[in-house]
Amino acid sequence: MSVKVYKSACRMCHGGCGTLLHVDNGRLVAVEGDPDSPMNRGRLCVKGRATLETVYNPARLLHPLRRRGPRGGGEWERLSWDGALDDIAERLLRIRETDGARSIALGTGTGRHHFNFVPRFANALGTPNWCEPGTAQCFMPRLNASLATCGDLPFCDYLGPVKPACILVWGHNPLVSSPDGELGFSLRDVLARDPQLIVVDPRRTALARRARLWLQLRPGSDAALALAMVHTIIHEGLYDADFVSRWTVGFRRLAAHVEPFTPRWAEPLTWIPAKRIRDAARLFAQTPPATLEWGCAIEHTPAAFQTCRALLLLPVLTGNLDRPGGFVTGAHALARFPFLDELLPPRERARRLGARRFKMLAGAGSPLPSAHAPTLFRAMRTGHPYPVRAFLVWGNNSLSTYANSRNVRRYLLSMDLLVVTDLYMTPTARLADFVLPAASWPEIRQILAVPFVAENLVLANQKAVSVGECLQDEEIMIRLSRRMDLPGNTEDLEEVLDARLAPLGLDFQELARRGFHLAKGHDHEYRKERGFRTPSRKVELYSRRLEHLGTEPLPGYGEPPESPFSAPDVAARFPLVLTSRGRVAEYFNSEFRQLPSLRRRHPHPLVELHPETAGRHGIQDGQWIWIESPRGRIKQKARLTSGIDPRVVAVEHGWWFPELPGPEHGVFESNANLLTNDGPPYDPAMGTYQLRALLCRVRPCNSR
Ligand SMILES: Nc1nc2c(c(=O)[nH]1)N[C@H]1C(S)=C(S)[C@@H](COP(=O)(O)OP(=O)(O)OC[C@H]3O[C@@H](n4cnc5c(=O)[nH]c(N)nc54)[C@H](O)[C@@H]3O)O[C@H]1N2
Ligand SMILES: Nc1nc2c(c(=O)[nH]1)N[C@H]1C(S)=C(S)[C@@H](COP(=O)(O)OP(=O)(O)OC[C@H]3O[C@@H](n4cnc5c(=O)[nH]c(N)nc54)[C@H](O)[C@@H]3O)O[C@H]1N2
Ligand code: SF4
Ligand SMILES: [Mo]
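The rules we used
- Residues numbered from 1 in each chain as written.
- Chains lettered and ligands numbered in written order.
- Predicted model: local features only at pLDDT ≥ 70, side-chain atom pairs only at ≥ 80, totals over all residues.
- Heavy atoms only, no water.
- Helix = DSSP H or I, 4+ residues; strand = E, 2+ residues; numbered from the N terminus.
- Rg over C-alpha atoms; globule rule 2.2 N^0.38 Å.
- Buried < 20%, exposed > 50% of the residue type's maximum accessible area, 1.4 Å probe, protein only.
- Areas by Shrake-Rupley, 256 points an atom, 1.4 Å probe, with all protein chains shown as cover.
- Lys, Arg positive; Asp, Glu negative; His and termini not counted.
- Charge placed at Lys NZ, Arg CZ, Asp CG, Glu CD.
- Domains from an automatic or database assignment.
- Contact = heavy atoms within 4.5 Å.
- Buried area = accessible area lost by both parts, 1.4 Å probe.
- Salt bridge = Lys/Arg side-chain N within 4 Å of Asp/Glu carboxyl O.
- Polar contact = N/O pair within 3.5 Å; in protein donor to acceptor, adjacent residues only side chain to side chain.
- Nonpolar A, V, L, I, M, F, W, Y, C, P; charged D, E, K, R; others polar.
- Core = buried A, V, L, I, M, F, W, Y, C linked by side-chain atoms within 4.5 Å.
- Near = heavy atom within 4 Å.
- Phe/Tyr/Trp six-rings, centres within 6.5 Å; stacked < 30°, edge-to-face > 60°.
- Lys NZ or Arg CZ within 6 Å of the ring centre and 35° of its normal.
- Pairing = 2+ DSSP bridges.
- Axes fitted to C-alpha atoms, helices over the stretch in contact; angles between N-to-C directions.
- Arc of directions from axis to C-beta.
- Disulfide = S-S within 2.5 Å.

**Q** Would you take a moment to explain the overall build of the protein chain for this structure?
**A** Along its length, the protein chain carries 27 helices and 27 strands. Taken against the 2.2 N^0.38 rule, which gives 27 Å for 704 residues, the C-alpha radius of gyration of the protein chain at 24 Å falls within 12% of a compact globule. Its C-alpha atoms give the protein chain principal-axis dimensions of roughly 70 × 65 × 55 Å. A burial count over the protein chain gives 66% of its 704 residues as buried. In the structure as shown, the protein chain presents an accessible area of about 24800 Å², 50% of it carried by carbon and sulfur atoms. One way to put it: in the protein chain the 90 positive side-chain charges average out to a point 4 Å from where the 73 negative ones average out.

Okay, structure coming up:
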């Protein structure tokens, strides 16, 4: 039989690279980059190239399992799908009967193919409580701040006819993290044209090394730096006066508001000399078209929302919003995903955990409201304000990626029903009552809309192979909905996909045949037609809508709660500033430690520190060290570098060791989230907790 080739979209990260799947006799034998796909043009990163190692990994879950014996004991019985889903549906119905649908919570992970199906299934179930470790600290703060300010999510215009002349890279390392597939590749192509680069990062990354200006800021002080740059832009008249007067509201109030935020004010807070702050503001404002490449590092502190608002002012004031080659908004080519919000009664919506306090996350300020994870977890443990008894997790290793992992374990253990759907038996799955085997990306049907291109790229995932009895998550949710006789989410998956594609004049079969579709975009001059999608039709520097929602209408600066300035008593015992090192090329959050080619390239967790700091503590390069915070301690291997401030320590997140014995598989050894904090204070708008900009200390470790 000849080899059959399927066009598809890699999903080893958030996804976006076009691929060709070669299938021989029902077995996937090769994965190549699709040379026709506009984003990656044939390229794949190391993770994409390791796809076969995950599809046929000997550790893959292949059958539904039900726990026998005590939680975490590791004894399972194999079930049929019918047996497992009947049992789960029955237990869910019983819980719903006694404590209401709201006592069933759903969880998921970042940007998974089934992400939208989780709130959809939640609405059909009638529960307002679904969560993801990223909604309060990844992307949603940028999205919701952008929607509130300019009515749309802008992104860097790498693919249009005009390329950026200046790129401000802030708390982001896209050459490694490449979120959404293509970005790293497109950025690489644009860098070949030698634009001016300004990099704001506590670490000297590859981008920082080639930047005209590298601003090595103190972790967590981002808003102070942004406000001081805004101060310079306004004071020195570097803003685009025409754009500001025609297309913004609140400029005068903003100008008065930033008066105290001078570069001199920011210098001690950010550790960046005032002159350098001014230089960066001038370079950005005077090199059009300029764009902002912002990342999740600005969303990992309780100042997340206003930090995003403050950064957004830079491209707005300099007239780079929707300027070709600048910070542009895209087409909205697909029909809105059918979330089935209409099935969730308003009364239940108001009872979503966190909805009253965190309106931009869980309430009226968000287009896709989700529960506030710490509030949800507290309800699991205490039953307040109401009981939460079941947690259904679709693609999240909760013990690894939520803050304060030891607490998370306690919350999970308090569940009456824990169902984990995953590719692998993770430490989280080990605690479950049911473990369901998920399909990997070459085994699924889906569409993937890349939002970061003006033309709206839509790719198809084609089911090229099957492995064991694995099912894709959407299918499991649909089967459960049918069994529970829910009022929605019972249609076939393909019907949902077809409905989304309808405005393009395509159905899923046709898209799958083509592999991808590039929908025509607008011409970046949205504002000439109807204005921005805000209440005033202008960019809201001062936002009345936010004011009504009880959020500050102008962005200010919030010092991280556990810092040398805000917590000097803690700093006396934990004198170093802790941050996450950033993404590494081989892994995706807690994934892929069991893939041989990737693990060989990156066998151990690495913590970066300055040789001076290491010297003071008797630490050698390559040695295992303890990193301790007020919440716990972990060990990682020291990587000494002069590219980090001697006062800062940067750990890797996501570590567990599939090869170590269960039930923990080493998830309490090197996991960054033993150090982080799930307690208050939270971001007043988004409920964000503290994943970065905390305090720690280090010392050598003699074991391992
Ligand atoms: N290979 C790989 N790719 C991924 C992921 C992965 O795990 N692996 N994860 C995906 C996910 S969920 C996301 S959200 C994206 C994230 O990808 P990015 O947005 O690029 O985020 P990070 O790589 O975590 O951090 C980016 C940079 O921020 C710096 N940084 C640390 N603290 C601070 C700070 O306080 N201020 C500033 N300005 N910078 C700081 C770090 O040194 C790092 O270089 O990547 C996605 N892509
Ligand atoms: N300390 C610290 N913590 C962080 C971060 C940080 O920078 N520092 N980053 C935060 C951010 S930005 C984010 S977005 C979150 C990410 O957190 P998550 O997205 O929740 O990441 P993981 O916990 O790695 O979840 C991935 C799990 O899903 C499984 N999986 C993969 N594909 C599928 C699938 O198709 N179906 C199913 N059912 N399972 C699948 C994998 O095997 C793995 O066990 O972490 C956050 N946590
Ligand atoms: S960047 Fe993401 S989508 Fe592209 S090959 Fe790598 S893992 Fe796959
Ligand atoms: Mo994320």
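Following the structure, the description resumes.
**Q** Looking at this model, I keep getting lost on the domain arrangement of the protein chain. Mind explaining?
**A** By a widely used convention, the size of an interface equals the accessible area lost when the partners come together. Taken domain by domain, the protein chain comprises domain 1 (4–55), domain 2 (65–138 + 333–440 + 465–494), domain 3 (154–328) and domain 4 (568–700). Each of domain 1 and domain 4 was reduced to a C-alpha centroid, and the two centroids are 32 Å apart. Facing the eight residues of domain 1 at the interface are ten residues of domain 4. Taken as a group, V46, K47 and E53 account for 62% of the area that domain 1 buries against domain 4, more than any other trio of residues on that side. Taken together, the links from domain 1 to domain 4 amount to zero salt bridges. Remark: the boundary between domain 1 and domain 4 carries two residue pairs in polar contact (both at pLDDT 80 or more). Looking at the side of domain 1 that touches domain 4, the elements that each hand over two or more residues are α1 (46–49) and α2 (51–55). Of the residues that constitute the side of domain 1 that touches domain 4, the class distribution is four nonpolar, two polar and two charged.

**Q** Even after reading the chapter, I still don't get the nonpolar core, so can you show me in this structure?
**A** Across soluble globular proteins, nonpolar side chains show a tendency to be buried alongside one another. Among the nonpolar cores identified, the biggest contains 177 residues, and W170, L317, F391, L392 and I627 are the most heavily contacted of them. In terms of residues, this core owes the most to one element, helix α9 (residues 222–235), which gives ten residues. The contacts of L392, once residues within four sequence positions are left out, are L92, I104, A105, L106, G107, F121, V419 and L480. If you look at the next biggest cluster of nonpolar residues, it comprises 29 residues, including V23, V31, W441 and V467.

**Q** Looking at this structure, I do not really get the site of ligand 2. What am I missing?
**A** For ligand 2, the set of nearby residues contains 33 residues, the closest of which are T110, N396, D422, D473 and S590. Within the side chain of H113, one N or O atom sits 2.9 Å away from an oxygen atom of ligand 2. With respect to ligand 2, the backbone of N397 contributes an N or O atom lying 3.0 Å from an oxygen atom. In the complex, 97% of the free accessible area of ligand 2, which totals 920 Å², lies under the protein chains. Of the residues assigned to the shell around ligand 2, the class counts are nine nonpolar, 17 polar and seven charged. Here the shell around ligand 2 spans two domains, and each of domain 2 (65–138 + 333–440 + 465–494) and domain 4 (568–700) adds at least three residues to it.

**Q** I keep staring at the packing of aromatic side chains and nothing clicks. Help me out?
**A** As enumerated under the stated definition, the model contains 16 aromatic pairs in all. Here the aromatic rings of Y239 and F251 are separated by 4.8 Å at their centres, their planes lie at 50°, and the arrangement is tilted. On the criterion of sequence distance, the pair formed by Y239 in the loop between α9 and α10 (241–247) and F251 in helix α11 (residues 251–257) is long-range, its members being twelve residues apart. What links up through ring pairs into an aromatic cluster is the set F377, F391, Y402 and Y411. The ring of Y386 is capped by R102, whose NZ or CZ atom sits 5.4 Å from the centre of that ring. For R593, the ring lying beneath its charged end belongs to Y587, and the centroid distance is 4.1 Å.

**Q** I tried to follow the site of ligand 1 on my own but got confused; where do I start?
**A** In the neighbourhood of ligand 1, 33 residues make up the surrounding shell, with D201, D222, Y587, N589 and R692 lying closest. The backbone of C296 places a nitrogen or oxygen atom 2.9 Å from an oxygen atom of ligand 1. The fraction of the free accessible surface of ligand 1 (910 Å²) that becomes covered by protein chains is 98%. Of all the secondary structure elements, the ones that give two or more residues to the shell around ligand 1 are α6 (174–177) and β22 (576–580). When grouped by side-chain class, the residues that make up the shell around ligand 1 number 13 nonpolar, 13 polar and seven charged.

**Q** Please clarify how the sheet that holds strand β18 (residues 446–450) should be interpreted in this entry.
**A** Pairing between sheet strands relies on hydrogen bonds along the backbone, with the strands arranged either parallel or antiparallel. One open sheet accounts for three strands, arranged β18-β19-β20; its pairing is antiparallel. Unpaired on one side and paired on the other, β18 and β20 (516–518) mark the two borders of the sheet. With strand direction ignored, the average angle separating the axes of adjacent strands in the sheet is 15°. Where helix α21 (residues 493–501) meets the sheet, its contacts fall on β18 and β19 (457–461), and the angle it forms with β18 comes to roughly 30°.

**Q** Would you mind going over helix α19 (residues 405–413) with me for this structure?
**A** One full turn of an α-helix is made of 3.6 residues, so residues set three or four places apart face in the same direction. For α19, the set of buried residues is S405, N407, V408, Y411 and L412. Around the axis of α19, the buried residues are gathered within 150° of arc, so they sit on the same side. Looking at the buried residues of α19, the elements they touch are α17 (373–382), β15 (390–394), α18 (398–401) and β16 (417–422).

**Q** Even after reading the chapter, I still don't get the side chain of S37, so can you show me in this structure?
**A** The residue S37 is located in the loop between β3 (27–33) and α1 in this model. Excluding residues within four positions of it along the chain, S37 makes contact with G18, L459 and F516.

**Q** Help me understand helix α20 (residues 473–483) in this model?
**A** Counting buried positions along α20 gives eight out of eleven residues, so the element sits mostly inside the fold. Buried within α20 we find D473, E474, E475, I476, M477, I478, L480 and S481. Backbone geometry just after α20 places D485 at a positive phi near 60°.

**Q** It is not clear to me how the pairing of strand β9 (residues 166–170) should be interpreted in this structure. Could you clarify?
**A** If a strand is regular, its side chains alternate between the two faces of the sheet. Counting buried positions along β9 yields five of five residues, so the element is predominantly enclosed. Note: β9 against strand β10 (residues 196–200), five bridges, orientation parallel. Within β10, the position partnered with L168 by the bridge is I198. Bridge count between β9 and strand β13 (residues 290–294): five bridges; the pairing is parallel. Within β13, the position partnered with L168 by the bridge is L292.

**Q** Could you clarify how one ought to interpret the state of the cysteines in this entry?
**A** Two cysteines joined by a covalent bond between their sulfur atoms form a disulfide. Across all of its chains, the model carries zero disulfides by this definition. The cysteine C296 is free of any disulfide, with C138 supplying the nearest cysteine sulfur at 5.4 Å. With a relative accessible area of 14%, C296 lands in the buried category.

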